[in-house]
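# Residue-level structure breakdown
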Amino acid sequence: MIGPGGSGKSYFSNELSQILDIPVYHLDNIFWNKDKTHISREEFDLKLNEILKEESFIIDGYYLRTYETRMELLDTIFFFNFSLEDSLNGASSRVGTYRTDCPFIENEFDPEFKEFLINWQIETRPKVLRLLEKYKYKNIIIFNNREEKEKYISRIKKS
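Here is a short report on the structure shown in this document. In this text, all values refer to a predicted model and were calculated from it rather than measured experimentally.

For the coordinates displayed, the defined rule picks out 10 salt bridges. R65 serves as the salt-bridge partner of D45, at 2.7 Å between the closest nitrogen and oxygen. Pair noted here: D45 is in helix 3 (residues 41–52) and R65 is in the loop between strand 2 (58–60) and helix 4 (67–73), with a separation of 20 residues, a long-range link. The partly exposed category is assigned to R65, whose relative accessible area is 38%. Taking the shortest distance from any N to any O, the salt bridge between D101 and R99 comes out at 2.9 Å. Several salt bridges share partner residues, and in doing so they unite R94, R99, D101 and E106 into one network.

In terms of nonpolar packing, the biggest core is built from 22 residues, with I2, L27, F44, I59, M71 and V128 touching the most fellow members. When contributions to this core are tallied by element, the ones reaching two or more residues are helix 2 (27–31), helix 3, helix 4, strand 3 (76–80) and helix 6 (111–134). When residues no more than four places from it in sequence are discounted, the contact partners of I2 are K9, Y67, R70, M71, I77, F78, F79, F80 and V128. If you look at the next biggest cluster of nonpolar residues, it comprises 12 residues, including M1, L16, F82 and I141.

Rules used throughout
- Residues numbered from 1 in each chain as written.
- Predicted model: local features only at pLDDT ≥ 70, side-chain atom pairs only at ≥ 80, totals over all residues.
- Heavy atoms only, no water.
- Salt bridge = Lys/Arg side-chain N within 4 Å of Asp/Glu carboxyl O.
- Helix = DSSP H or I, 4+ residues; strand = E, 2+ residues; numbered from the N terminus.
- Buried < 20%, exposed > 50% of the residue type's maximum accessible area, 1.4 Å probe, protein only.
- Core = buried A, V, L, I, M, F, W, Y, C linked by side-chain atoms within 4.5 Å.
- Contact = heavy atoms within 4.5 Å.

Below, the structure written as structure tokens:
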């Protein structure tokens, strides 16, 4: 799952995991501790590499520096190509709620995270598009809005 924060990647990952009976790994649960500290980059990479050795899995999370490594090994890539407004709305709607993809509850819409989302659209999105072009032989599914994502899940459920 690739896309900006607040786009619904984690929720979609959980739904897909239940439907397909494939384990989902939320990278924020691996990187972050409950006290908002995090593990080292080396420890994170070791844990991610263990996941990538599994036969099947769903990986949810940003971590741009791991995108290409993940894309090389994946057969299917979901790209949430959402607008900044949609991402900001999604991120702000989850403030104060428990989520399965993060070991702590965000009690406020962090201004740094808002800036991160703005920069994602400007800086990261073009990098993602270049990587998707490089790996265009993979099964790439692009959602441009929440409705497309919901239609996809509905089709999978009916299968």
